[in-house]
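Here are the chains, one letter per residue:
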Amino acid sequence: MCTPSLVLLVEDHVDSRELLEEFLTMEGFAVETAGNGQSALERLSRLPCPDAVLLDLMMPVMSGWELMRHVREDDRLKQMPVVVVSGAGNHQAMPEGIQGTVPKPVDLTELRATLARVVSAQG
């Protein structure tokens, strides 16, 4: 039996995080969550590395942009697939090194297709 792909969901809004976690679980992913970039960075310091990260950009404590700077400076993490799920995409440039974007409000069909693409590209 195959181990499900692990997704780290980084989202500060509790309702959005819970809904996306439920959707990802129903899609067959193992899901871990973080409420801000600092919590995500702490989680990324431990093994196993997630197969993909779904990242909101506008969060308290540490933004998605700040988290991406740390990720891209870490040799162990810099190739990890990151998909931005944010309403900020229309207003600001995306961080360097992301593999996809899904605007909010989230289209679940688009999210499913984007995750399938980045996770299969990694394997």
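Each remark here, short or long, concerns the structure printed above.
Here we summarise the structure given alongside this text. (Residues numbered from 1 in each chain as written. Predicted model: local features only at pLDDT ≥ 70, side-chain atom pairs only at ≥ 80, totals over all residues. Heavy atoms only, no water.)

### Overview of the overall build of the chain
Then comes step 1: Helix and strand counts for the chain come out as four helices and five strands.
Then comes step 2: Listed N to C, the secondary structure of the chain is β-α-β-α-β-α-β-β-α in terms of helices and strands.
Then comes step 3: Relative to a compact globule of 123 residues, whose C-alpha radius of gyration would be 14 Å, the chain shows 13 Å and is just as compact.
Then comes step 4: Based on the C-alpha atoms only, the size of the chain along its principal axes is roughly 40 × 30 × 25 Å.
Then comes step 5: Burial status across the chain gives 41% buried among its 123 residues.
Then comes step 6: Across the chain, contacts joining residues at least 24 apart in sequence account for 63% of those joining residues at least 6 apart. (Helix = DSSP H or I, 4+ residues; strand = E, 2+ residues; numbered from the N terminus. Rg over C-alpha atoms; globule rule 2.2 N^0.38 Å. Buried < 20%, exposed > 50% of the residue type's maximum accessible area, 1.4 Å probe, protein only. Contact = heavy atoms within 4.5 Å.)

### Things to note about the sheet that holds strand β2 (residues 30-34)
Then comes step 1: Read across the open sheet, the five strands follow the order β2-β1-β3-β4-β5; overall the sheet is parallel. Two strands close off the open sheet at either side, each with one partner strand: β2 and β5 (100-103). When strand polarity is set aside, the average angle formed by the axes of neighbouring strands in this sheet is 20°.
Then comes step 2: In this sheet, strand β4 (residues 82-86) lies alongside strand β3 (residues 52-55) in parallel orientation, the contact comprising three bridges. (Pairing = 2+ DSSP bridges. Axes fitted to C-alpha atoms, helices over the stretch in contact; angles between N-to-C directions.)

### Some points on the nonpolar core
Then comes step 1: Grouped together as the largest cluster of nonpolar side chains are 18 residues, with contacts concentrated most on L8, V10, L44, V53, L55 and L67.
Then comes step 2: Breaking this core down by element, the ones donating at least two residues are β1 (6-10), α2 (37-44), β3, α3 (64-73) and β4.
Then comes step 3: Per-element accounting of this core gives the leading share, four residues, to α3.
Then comes step 4: With residues up to four places along the chain from it excluded, the contact list for L67 reads G37, A40, L41, L44, L55 and M62.
Then comes step 5: With 16 residues, the next largest nonpolar core counts F23, V102, L111 and V119 among its residues. (Core = buried A, V, L, I, M, F, W, Y, C linked by side-chain atoms within 4.5 Å.)

### Quick notes on the pairing of β3
Then comes step 1: Burial along β3 is two-sided: A52 and L54 and V53 and L55, pointing in opposite directions, are all buried.
Then comes step 2: Of the strand pairs in this sheet, β1 and β3 are connected by four bridges, and their pairing is parallel. Bridge pairing in β3 links V10 to L55.
Then comes step 3: In this region the chain leaves β3, passes through α3 and returns to the parallel neighbour β4; the handedness of that crossover is right-handed. (Right-handed = clockwise from strand over helix to strand, strands pointing away.)

### Some thoughts on the environment of E32
Then comes step 1: Mapped onto the fold, E32 is located in strand β2.
Then comes step 2: With 68 residues separating them in the primary sequence, E32 and G100 have C-alpha atoms 19 Å apart.
Then comes step 3: Contact partners of E32, with chain neighbours within four places excluded, come to L6, V7, L8, L9 and R43.

### A closer look at the pairing of β4
Then comes step 1: β4 sits mainly inside the fold: five of its five residues count as buried.
Then comes step 2: Note: β4 against β5, four bridges, orientation parallel. For S86, the partnering residue across the bridge sits in β5 and is P103.

Functional significance is not addressed by these values, which are geometric in nature.
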